[in-house]
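Each chain, written out:
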Amino acid sequence: MLSINNISKSFGKIDALKNVSLDLDVGMFGLLGPNGAGKSTLMRTLATLQLPDSGTVNLNGVNIAENPDVMRRTLGYLPQDFGVYPRMSAVALLDHLAILQGITDNDGRKTQVESLLKEVNLWPKRYSAVSTYSGGQRQRFGVAQALLGDPKVLIVDEPTAGLDPLERQRFLNLLSEAAEDRIIILSTHIVDDVRDLCLDMAIMGDGEIVARGAPEDLIAKIDGKVWRKQVDKDEVEALREKHQVLKTQIQKGGVTVSVLADKAPTGSSAGFKKSAPDLEDAYFAHLNRFV
Amino acid sequence: MFGKLLAFEIKLHTSQIGFWVVVSIMFILGALFMSLDFLSMSATGERIKANGALTVAVMVSFFSMFSIFFGAVFVVGGVMRDQVHNFLEITHSAPIKTSTMMITRMVGVYIAVFLCLFAFVLGLAMGQYMPWLATESLGPKNLLYFLQPTLVFMVINALLVSGIYTAVAAITRNKALVYVTAIALFLLYMVSGLMTTQSTPKWVMALVDPFGANALALAAEFWPAAEQNTRMSPLGGYVGLNRLVWGGFAIFLYLATFKLFKRGLVAGKNKNAIEAETLSTKAITLPTAKTNYNTGSAVKAFWARFKLEYLRTVKSIPFIILAGLCVVFFALIVIIQLNFAPDPVLPTNALLVGMVFGSLSLPTMLIIIFFSGEIIWRDKVAGMTEIIDASPVRNWSLMAAKWAALMAIVFTIFIVGLAFGMTAQVFMGDVPVNPLTHFKFTAFGFVPTFALYCILVLFVQNFMPNRIAGMVASAAVLIFFVIGINFLPFAHPLMDYGSVPAGSLSELNGFASLIGFKWFLLYWGSLAALFAVLSIWLWRRGLQSSLRARMKGLRKRITVPSIAVASLFLASFAGSGAYIYKSYNIDNNFRTAKQAELRRGKWEKLLGDQLKAPIPKIRSVDVEMQFSPSQQSSVVKGTYILENANAEPLREVYVSVPVSHKREILQLDIDGAKLVTDGENIKDLESFGIQLFKFDPAFMPGAKTTLSFELVQSPPVLGDGSRILRNGTFVDNFSSMPQLDIRDRRLTNPDKRRKYGLGEREKAPDRTDMLARQSLFFGRSADRVDFKAKVCTDIGQIPIAPGKMMRTYAENGKACRDYQAINPIMNFFSFLSADFEVVRSEWKDTKGLNGKDVDLAIYFHHEHAYNTELMMQAMKDSLDTFTEIYGPYQYNQIRIMEFPYRSFAQAFAGTIPFSENMGFVRDPGDPDDNKSVDLATYITMHEVGHQWFGHQIVPAYTKGFNILSEGLTENAAMTAYEQKLGWQKARRLLEQYTIQAYLTGRIVDRDDEPPLAKAEGQGYLNYNKASWVFWGLKHNMGEEKMQAAIRGFLDEYGTKNAPYPTTIELVNALRAAAPEDMQGLITDYWDRIVFWRMSVGGDVKLTGNEADGYEVSFTAKVDKRIASEADGKETSVTEIDGESLNEWVEIGFYDQDPKDTLGGDWLKLERVRITKAETELSFTLKQKPTHVLLDPRRLLIERNVTDNVKKIITE
Ligand SMILES: Nc1ncnc2c1ncn2[C@@H]1O[C@H](COP(=O)(O)OP(=O)(O)OP(=O)(O)O)[C@@H](O)[C@H]1O
Ligand SMILES: [Mg+2]
């Protein structure tokens, strides 16, 4: 049980986190938000890499600011952005990180390193320097190291960035399997990642949690209020002024505009059709605080 | 476009804090180096002005060297900034022409580097106005003195440095390699400095230093103060050559870089990507593994980290390059030292390991500075911080691994150095390897200090925001503690971080005492341990790791056990510090440099008058010296018979006792006199080691009395060593027995005297002062004395004193010997004790010149038998020569004894203590090679020579006194050396040592240079100029005539009592023997300071043929210049009324370059009388000459002889 109570964090004038509170239990938790929303800041705070200015984070009742080891011992963490020591092979580096994780038993470590490398499909390249990997390969290495030592809390910051569709799918599968007895926090700005996997999620914007709940609950809130229409490019601006525009998608032959409204828009903007909301609609609706 | 871009570049550099930090540092350095005479690079003061033309030029050229360091940083920031900030892909595809981009960046860096250097010049100029700069040290302010060297040196040096780095940066695109280049450049600079002390060819010396300081030093070689103050750097010659070569190289580098630089990314290699990826789509199953977080796993993590840190470093290209440079540097030092050094030494164990570390220290410091940054910032630079810091690994595992790795790297270098040192020794094959010596030297002399330096540097990194700042700060603290602290007038060993003094290592005695070593190791070790604890508390973990954030989080990191440990270290640091302070400052007599100077001023006020007050004379000495080498202590007991030889009665006598504490005086009594125990100055007198006795009734003229004493030399304690060594003790009477004439402790440096308001120092008495002629140069308290000694020491060692050995016996479990002088000796004797090996021989008086044979013995350390035969032969050769030329030898024996640490040999009556670093381990070289110098033979001959000059001829203490001792001895030694090895080998020694030492000695003297006959303490006159003058004189007036004159002088004054002779009597004897046309020359040599200048003007004409002979004609340019005593300003005799040119000049003709024969093997040697500045000369020769050389035997005192030779060009 991970409970985040009223944490705030600012960098100079930027308030990266404002009074964020969350209680998380075993299972997969998705954190959705645009660039700069504060997702990474939250995750780094959870990963004990920085301290909140105020508020507390408790893992199973223990304050991790006071007792960071409690978190670190059960944590698997994949940073959004990381580098590796040059000229060091995947096996060597992973083995090294495993020791830092406290896996001191040589045989156990060896098998775990082996199987992890196989699982993330880096086995054939295990003796190549990680620094020469492609972006996606390096990301897979990051995933492997996050899984070292059977972590009970897994924090992954945009793990699917740079993965090809096949790998992304495999990784998401793995996460959902692992979520059975773990707390997993996954940040992303790709709505599909969350929709496919998470039973619980939060939407972050400007350092705040703007919405929290199961994806279907968030969608339910706007059920029957989403209207779509295909329009010309130059009409979009006018629509934005009048309506709560959720999103605009450029498609063949024009732009599909989705708006949030209790009733079908009328007048100059007539012709909207009611449509079934998806998570993306819910995301924008909450992010823009239309609901 | 270009202008705008350049402006941008310059703004980029000037907006960095680092740039301004460097500018301010350089400016401050300039101001300080100008205004503080103890920092100045010349011996500035009243003679050499702080703002003199050459002083400024030397500093400007030398300080260009600093650009090595900041230049590298600017290049990385300027030229390489895209790589550094991972911006390469963006800017390199921007629409700017590569050429424009490259040029502006290069010029930008150049301007930044130049501005920083120029700040130094501005600082120098400002320094002239600092209020603490004494007006006497300032010459006229001349802007040109600053601008000219800026143009000649800095403008080009900045171009060179930025050019080199830009080239490396553009070609390798590797930051680390730019820094490595910096270190390599610095080492090159060090090697170039090393060469100046050796006999490397001058053009090599001039070229090898890229910054021109060497070339300038060569060009300005032997400039006296007057010239240093007003002559600017020459533009041609060595300086011109150097500037042309390096300036050209810089421009070449710029052009090459400009050409070579290609846009885009450098492809990386991927060796291992052979196996194809096989993608599986099955779901991942998480494997499990046990984790644990106990101390064992923390240790394991430490070990894994340590291996990683260490191996990553030693396998990195920078390390391999740097280690390679260390080895090259070491090899160069060995090669230069053993081959090119004018005085080669044998590769003994102590010497070799000393060389290893002599050459490794500096590169190792650079390695510490560089790799401490690399190691501490490794994770950050690699981008691994988040992963590692979110793992449960303990802070201490991470930190200890980094710290241990840096130390392991340093030790790796040491081990490599040791291995190379021992291998080199094996290859040279002269001396068997003794690994223990190598190991001991390393373990005591270097390991602790360097470990402490590592820790300091790592500790400093805690407070630095990034790698570069860390490296700069590390360099700053190391420079401060290694060099800077010694300049502080209030420096105390307790401030000298890292200094764990083991002392020097002797092959006889090992380390003299390790007490200081142990305490300082505890003291600094505790501080280092405290640093470690603090560093764990301050360890950077996570992302918000600014110092402030870490300070805020400190509370959480400070745990009870860590507090306990920290307090323990703090307590042992403070405790050992307090104990050391007590031992040094309270129990013993430690004084800072400043305190010591002040004390000498106080001494002068209190006791200056006593230097002239009448004192009794010691007539006989009877002494018993009991050494306990195993305890490092001794007891000396004895009596002096005193006589009042003055005309008036004596009422008091000041006895100076060489002990550190009053309690070490067991007995001190004078019959008929009472020790004064209270009175106004008694405490002060005691603090200077002086006991005052009052006679009541007065000690009447002609009366005798007895002084009896018993003094203890205590074993070494912290803060005070012992003169008694476990093996190889050597003490003289001044350092072990009471003295009646107090040692002159007045400050001699005139600039210092001015500073402390002491007025001008009274010089030695005039030569005509008849009262002064009553006292001999060893002191006023004795003429010759009867001497009897009993010396005892531990069984296994041999006790030695001057005099005939009367008896050897054992007494109270000690080995004892009785010695007695067969005729009265100087009141100057020594006591030695060591576990000696002995070789004996006898010099046979075959020609009957001596009246008796002389026993010869050499007492030496068993490992040092290399030259004993040679030294024995040198003693015999000396006796042959000296008995023949100067008359009989006065004692029954000559013995040479080896002693440790210090580097000199000293002649006591028939007894010569000889340092283990001198003759015993010198490489005498090939006797047939005229270029090699055999110092083992020479020094032995010198010390034997003293038995005549110093022990038979005893000078009065007046101006010029030491000429009669050292000067005449040098002449004697040169004569014996020449007889044994030939005149060319002798001339080599003259050029290599004597001439060099005179010409350099006179320009670093802060006091005036007197004419030779009136020299005082100046070694460059007493030994060197005297030797040169005797050489010149004997070849001018004839060897036999001159030696006969000296023999006559010796017969008249040798072995006689007061009045003692002076240089007046000597010079008169020489004048009497010299022909009329040499009288002027004698005046020039002895009574004034004269420099001749000779050169061959224009071309040499050669006509004739083999059958009829050849006619050579040319113009000889000759000038004689008289130098001022105050600042060496020279005036030609042609410009002085009443003077004229009338000189004997020798001219040699050669059929090969005389350089190869060292001026010997001439076809013909002519002597002509020259009276004009330019003289047309012509000579006929039978053989065809190729070279003409003026003064081939260097008979005239001349500074620069490169233009004395001319190659003859035949049409
Ligand atoms: N160390 C820092 N110093 C200063 N500002 C920071 C720091 N870390 C984060 N910020 C700021 O805090 C805000 C939130 O950043 P954060 O990285 O948490 O966003 P994010 O939601 O992860 O965005 P993205 O999706 O782009 O990764 C941003 O405005 C960012 O500029
Ligand atoms: Mg982020």
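Residues numbered from 1 in each chain as written. Chains lettered and ligands numbered in written order. Predicted model: local features only at pLDDT ≥ 70, side-chain atom pairs only at ≥ 80, totals over all residues. Heavy atoms only, no water.

Caption draft 1: Local environment of the overall build of chain A. Broken down by element type, chain A carries 10 helices and 14 strands. By principal-axis analysis of the C-alpha atoms, chain A measures approximately 75 × 45 × 35 Å. Element-wise, carbon and sulfur atoms account for 48% of the exposed surface of chain A, whose accessible area totals about 11900 Å². Charged side chains of chain A number 34 positive and 38 negative; the gap between the two group centres comes to 4 Å. (Helix = DSSP H or I, 4+ residues; strand = E, 2+ residues; numbered from the N terminus. Areas by Shrake-Rupley, 256 points an atom, 1.4 Å probe, with all protein chains shown as cover. Lys, Arg positive; Asp, Glu negative; His and termini not counted. Charge placed at Lys NZ, Arg CZ, Asp CG, Glu CD.)

Caption draft 2: Spatial organisation of the state of the cysteines. All names here are of chain B. By the definition in use, this model includes 1 disulfide over all chains. Through a disulfide, cysteine 792 is tied to cysteine 816; the S-S separation comes to 2.1 Å. Disulfide cysteine 792 to cysteine 816: torsion about the S-S bond roughly 110°, handedness right-handed. Remark: cysteine 816 occurs in strand β14 (residues 814-820) and cysteine 792 occurs in strand β11 (residues 782-794); sequence separation between them is 24 residues. For the pair formed by cysteine 792 and cysteine 816, the shared burial category is buried. (Disulfide = S-S within 2.5 Å. Buried < 20%, exposed > 50% of the residue type's maximum accessible area, 1.4 Å probe, protein only.)

Caption draft 3: Highlighting the sheet that holds strand β25 (residues 1164-1170) of chain B. Residues and elements named next belong to chain B. On the basis of which strands lie adjacent, the open sheet formed by 4 strands has the order β25-β24-β27-β28 and antiparallel pairing. Two strands bound the open sheet, and with one partner strand each, they are β25 and β28 (1205-1207). Within the sheet, the average angular offset between the axes of one strand and its neighbour, ignoring direction, is 20°. The pairing of strand β27 (residues 1187-1190) with β28 spans 3 bridges and is classified as antiparallel. Within the sheet, the bridge partner assigned to leucine 1189 lies in β28 and is valine 1205. (Pairing = 2+ DSSP bridges. Axes fitted to C-alpha atoms, helices over the stretch in contact; angles between N-to-C directions.)

Caption draft 4: Fine view of the packing of aromatic side chains. Residues and elements named next belong to chain B. The final tally for this structure, using the stated rule, is 76 aromatic pairs over all chains. On the numbers, 6.1 Å between centres and 90° between planes, the contact of phenylalanine 730 with phenylalanine 908 is edge-to-face. With phenylalanine 730 in strand β10 (residues 729-732) and phenylalanine 908 in the loop between β19 (893-899) and β20 (911-915), this pair connects stretches of sequence that are 178 residues apart. Like phenylalanine 908, phenylalanine 730 is buried. An aromatic cluster is present here, built from Phe459, Phe463, Phe480, Phe481, Tyr497, Phe520, Tyr523, Trp524, Phe531, Phe573, Tyr584 and Phe590 joined pairwise through their rings. Lying across the ring of tyrosine 809, arginine 807 places its NZ or CZ 3.6 Å from the centre. (Phe/Tyr/Trp six-rings, centres within 6.5 Å; stacked < 30°, edge-to-face > 60°. Lys NZ or Arg CZ within 6 Å of the ring centre and 35° of its normal.)

Caption draft 5: Spotlight on the sheet that holds strand β11 (residues 226-231) of chain A. Residues and elements named next belong to chain A. With antiparallel pairing, the 4 strands of this open sheet are ordered in space as β12-β13-β11-β14. Since the sheet does not close on itself, it has two edges, and those belong to β12 (244-251) and β14 (273-274), each with one partner. Alignment of β12 against strand β13 (residues 254-260), held across 7 bridges, turns out to be antiparallel. Looking across to β13, one finds that valine 245 is bridged to valine 259. Of the strands in this sheet, β11, β12 and β13 are in contact with helix α10 (residues 279-287), which crosses β12 at around 135°. (Contact = heavy atoms within 4.5 Å.)

Caption draft 6: Spotlight on the coordination of the magnesium ion (ligand 2). Looking at the magnesium ion (ligand 2), the protein donor atoms are Ser40 of chain A (OG) and Gln80 of chain A (OE1), and they sit 1.8 to 2.0 Å from it. Highlighted residues: serine 40 of chain A in helix α1 (residues 39-46) and glutamine 80 of chain A in the loop between β6 (75-78) and α3 (90-100), separated in sequence by 40 residues. (Donors = N, O, S within 2.8 Å, 3.2 Å for Na, K, Ca; no water.)

Caption draft 7: The pattern of salt bridges, seen in detail. If you walk through the whole model with that rule in mind, you get 68 salt bridges over all chains. Between arginine 289 of chain A and glutamate 208 of chain A there is a salt bridge, with the nearest N and O atoms lying 3.1 Å from each other. Taken as a pair, arginine 289 of chain A in the segment after α10 and glutamate 208 of chain A in strand β10 (residues 208-213) lie far apart in primary sequence, 81 residues in all. Residue arginine 289 of chain A is classed as partly exposed on the basis of its relative accessible area of 49%. A relative accessible area of 28% places glutamate 208 of chain A in the partly exposed class. A salt bridge links lysine 844 of chain B to aspartate 853 of chain B; its shortest N-O distance comes to 3.9 Å. Judged by relative accessible area, lysine 844 of chain B falls into the partly exposed class, the value being 46%. Overlapping salt bridges, with partners in common, bring together Glu227, Arg231, Asp1119, Arg1121, Glu1130 and Arg1199 of chain B in one network. (Salt bridge = Lys/Arg side-chain N within 4 Å of Asp/Glu carboxyl O.)

Caption draft 8: Inspection of unusual backbone geometry at higher detail. Residue and element names in this part refer to chain B. The omega torsion across aspartate 696 and proline 697 is 0°, close enough to zero to call that bond cis. On the secondary structure map, proline 697 appears in strand β8 (residues 690-699). In this model, alanine 1058 is joined to proline 1059 through a cis peptide bond whose omega is 0°. Mapped onto the secondary structure, proline 1059 falls in the loop between α36 (1039-1053) and α37 (1063-1073).

Caption draft 9: Representation of the packing of helix α32 (residues 935-946) of chain B against helix α33 (residues 961-981) of chain B. Residues and elements named next belong to chain B. The N-to-C vectors of α32 and α33 enclose an angle of 130°; their axes lie 8 Å apart at closest approach. Here α32 lies oblique to α33, going by the angle between them. Of the two possible hands of crossing, α32 and α33 adopt the one that is right-handed. Note on element contacts: α33 touches α32 through Ser965, Glu966, Thr969, Glu970, Ala973, Met974, Ala976, Tyr977 and Lys980, opposite Thr937, Tyr938, Met941, His942, Gly945 and His946. By residue class, the composition of the contact of α32 with α33 is 6 nonpolar, 6 polar and 3 charged. (Parallel < 35°, antiparallel > 145°, perpendicular 65-115°, else oblique. Left-handed = near helix turned anticlockwise from the far one by under 90°. Nonpolar A, V, L, I, M, F, W, Y, C, P; charged D, E, K, R; others polar.)

Caption draft 10: Highlighting the domain arrangement of chain A. The domain boundaries assigned to chain A delineate domain 1 (2-214) and domain 2 (224-275). Distance from the C-alpha centre of domain 1 of chain A to the C-alpha centre of domain 2 of chain A: 38 Å. (Domains from an automatic or database assignment.)

Caption draft 11: Focus on a nonpolar patch on the surface. Residues and elements named next belong to chain B. Taken together, Phe27, Ile28, Leu122, Met126 and Tyr129 make up a surface patch of nonpolar side chains, about 480 Å² in accessible area. Broken down by secondary-structure element, the contributors of at least two residues to the nonpolar patch are α2 (17-35) and α7 (98-127). Tracing the backbone shows tyrosine 129 in the loop between α7 and α8 (143-172). Exposure remark for tyrosine 129: the relative accessible area of 54% places this residue in the exposed category. (Patch = residues over 30% accessible without salt bridge, like charges linked within 9 Å, V, L, I, M, F, W, Y side chains within 5 Å.)

Caption draft 12: Region of interest: the site of ligand 1. Residue and element names in this part refer to chain A. In the neighbourhood of ligand 1, 15 residues make up the surrounding shell, with Gly36, Gly38, Lys39, Ser40 and Thr41 lying closest. At 2.8 Å from an oxygen atom of ligand 1 is found a main-chain nitrogen or oxygen belonging to glycine 38. A distance of 2.8 Å separates an oxygen atom of ligand 1 from a polar side-chain atom of glutamine 80. Protein contacts shield 67% of the accessible area of ligand 1, which totals 630 Å² for the unbound molecule. (Near = heavy atom within 4 Å. Polar contact = N/O pair within 3.5 Å; in protein donor to acceptor, adjacent residues only side chain to side chain.)

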